[in-house]
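Chain residues, written in single-letter form:
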Amino acid sequence: MLSPRWRKMLRDLWLQKARTLLVILAVAVGVFGVGSVLTGYAVLTREINDNYLGTRPASATLWTDPLDGDFVQRVRELPEIGDAEARSTLQGRMLVGPNDWRTIQLYVIWDYDDLRLSTFEPERGAWPPADGEILIERSSLPLFGTETPESVVVKLPDGPRHQLPIAGIVHNAGLPPGWMDATGYGYLTPPTAERLGASPLFDQLKITVATRAEDKEHIRRTVARLQEWLGQQGRRVYRVEIPTPGEHPHYAQMFTMMSLLAAFGLLALLLSGVLVANLISALLAREIRQIGVMKAVGARTRQVAGIYFGAVTLFGLAALGVGMPPGLWAGWAFVEYATAIFNFEILGDSVPLWVFAVQAVVGLLVPLAVAAYPIWRGSRTSVREAISDYGVSESGPRRSQRIRPELPALRLPRLVVLSSRNTLRRRGRLLLTLATLSASGAVFMVSMNVTASWEETLDAIFAARRYEIDVRLAHPSPVAEMERAIRQVPGVERVESWTLTRASRLRATAEEGSAFALVGAPAETELIDLPVVEGRWLRPEDGNALVASPGLLEQEPDLAVGDEVRLRLGGQETVWQVVGVVGDRGPARAYASYQQLSTVLGRQGMAETLRIATQDQDPAAQLAVTRGVERALEAGGWGVLQTMRSTVYRQAFEDHLAISLALLMLMSVLVVIVGGLSLSATMSLNVLERRREIGVLRAIGASNGKVLSMVLIEGVMIGVASWLLALAPALPLSIFVGNISGQIFLNGPLEFAVSLAGIGEWLILVVVLSGLASLYPARSAARLTVREALAYE
């Protein structure tokens, strides 16, 4: 048999079913938000790196003179080298539609049964491919528009078209998604590469270090010694890449994104806690006389507090049962979506126990923590104070009368005046409700502002690029002849020849930094307009002058304007001076004068990159001009390596952002739900506390419609007030989230933009939300009879 106090607790919960349900839903929403984010975080951060490490990624890749099997074996036998493998990468184009060519990276593998580094796995079809066949990486399939392509037309820049049967589909978790970057990935045998017109020799050396594989500085020193050894063996090193050890290329993006989502989930939880505290305070205020009766018959403060702590514990247990299963489901749904986006597999389907432990702590301790003070304060009420209590509505009206002289002067309708006075009665509760709703509105507007900021940033990026077509050639080709041929293509407005190479910084210790793009642009170019952040832009008379991007300064943080820097480029060492920094968002990059860079590289009058501005900005017109440019270049014997239109490039950008913006909006919806529950709880409590007053209004002739309208107007007033309060925090929060989001993808903050549509949408949404949240309490108030209302205690 239950003791009387526990029977009272259960009976109170049953009699207050609507309020009990609100508390459970509020905590369940917080549990759901925290559970879904933690599930996604725990599984994804584990699986993305496990997938990557499962490919046995190389500690470094060196581009060298051609290598053979015997030489690679000698590299493996060096004491500091764990393993080594030689490969070759070709860049060509594949036909994915009628006259629609896309870039394809072709990896030439010597022995498919002895893959040592940067491995990949067969999914379906033949393994290994026969000579004359190709394997396609699965993330490239969307480019074909079908999951089962039978063959692909491939051509290298200097070769004819070849139709290769697709022998099978493979998966490489170490590659970025092909569909997202509009790039295909294929795997060939050396005879197939030779048939396409490429050399069968291998010019890439992938290595792992024998010890301290997680230490990037140790890897740098090992690579520096390996370069020196290769030089002694007559092998030049043209380029070096050292990735972050043991970390998937997209890990930092995912970690930052999940941390941001976790912050929104925590906010939803805190707002749920505020709602619980509000409801518990109202419950204790309503039962203050019952507390006095219990104390009068001998109950101690600890026993009284135990009743309400027990109720809160039951709320938490019920909320765990309601919130944990859908939170786990939502977390796994996000995991499956992210694996498709980032092109990796789930190797283990377990969720760490700490995820469930955190949810249990959240569901039980947070409600207890926020309810502790009101429970303890109410439980300490003396018998005299409790018995002499006159109800919860006696303290407020006199204060609200201060506005009486002002409101009639505004000639407001009587219902509006009455509703505004009622709104200000419980100011503490009003402030909590406004805080919750304002936080919900701020999060919603932050999501909309960040989306608008991304649009503004992309507009700025592409406005700085005053060209629509980017053409990469297989080899440096004569500038004057190419430009003459391209100007004859209908739709071409302007063409400039640029040069592009990879460079890496040489430090005083002979260590080589990570590679970055070095772009040779005409000093007086009209096809790019980057804002100068520090220093200056290039001048025609400049010698070895560099203008750095923020991405390069992040990669080499000790560089500054005025510094001299030693670079390895084109197999030679040169000294350059940093003369400026430009606001060029994106990966590490530097700009030099085309004339000077082509001279250093020995390519005077030659270029392998063309930037073309078109007369018409329409995507169809751009496509037609691109095809015309390709035909003109091929007719001149200049092999085209890649063409990229600005519309395709922007779409690739937006595809990268889609998941982040969608999840940000999803979390904002979660917080909005908590805000709606908070308002609904507040209106229910307000109606409950004013039942006698409603009875008096009914007794003097107020109709059901008048009572209903009074409550609805009160709820809408609170909603509109929260909208005004949400505007202030939304702006700095939008800047903060925008800066984080920009750092993930662009190595810099976003252009700040305010979404006026988002502000207006939240006003409409909060009015609708307020009306819906107030509807049930308003209908309950309207249905009260005079006898029921006046008999209430």
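Procedures and definitions
- Residues numbered from 1 in each chain as written.
- Predicted model: local features only at pLDDT ≥ 70, side-chain atom pairs only at ≥ 80, totals over all residues.
- Heavy atoms only, no water.
- Salt bridge = Lys/Arg side-chain N within 4 Å of Asp/Glu carboxyl O.
- Buried < 20%, exposed > 50% of the residue type's maximum accessible area, 1.4 Å probe, protein only.
- Helix = DSSP H or I, 4+ residues; strand = E, 2+ residues; numbered from the N terminus.
- Phe/Tyr/Trp six-rings, centres within 6.5 Å; stacked < 30°, edge-to-face > 60°.
- Lys NZ or Arg CZ within 6 Å of the ring centre and 35° of its normal.

**Here we look at the pattern of salt bridges**
Side chains bearing opposite charge may pair, as long as their charged atoms lie close to each other. In this structure the tally under the stated criterion is 29 salt bridges. For the salt bridge of R494 with E496, the shortest nitrogen-to-oxygen distance reads 3.6 Å. E496 gets classed as buried once you look at its relative accessible area, which sits at 7%. The partner of R505 in a salt bridge is E556, and the shortest N-O contact between them spans 3.1 Å. Remark: E556 occurs in the loop between α17 (550–555) and β16 (564–569) and R505 occurs in strand β12 (residues 492–506); sequence separation between them is 51 residues. For R505, a relative accessible area of 12% corresponds to the buried category. According to the relative accessible area criterion, E556 is buried, its value standing at 2%. A cluster of three or more residues bridged by salt bridges with shared partners is formed by R93, K155, R627, E630 and E634.

**Focus: the packing of aromatic side chains**
For the structure on display, the rule yields 10 aromatic pairs. On the numbers, 5.5 Å between centres and 35° between planes, the contact of F444 with W762 is tilted. Placement of the pair is F444 in helix α15 (residues 427–464) and W762 in helix α23 (residues 756–783), with a sequence separation of 318 residues. Of the two residues, F444 and W762, neither departs from the other in class, the shared state being buried. With centroids separated by 5.6 Å and ring planes inclined at 55°, the aromatic side chains of W537 and Y591 adopt a geometry described as tilted. Placement of the pair is W537 in the loop between β14 (532–535) and β15 (545–548) and Y591 in strand β18 (residues 589–593), with a sequence separation of 54 residues. Comparing W537 with Y591, the two get one shared label, buried. Linked through ring pairs, Y107, Y112, F120, W127 and Y187 together constitute an aromatic cluster. A cation over an aromatic ring shows up here: R235 above the ring of F71, its NZ or CZ 4.2 Å from the ring centre.

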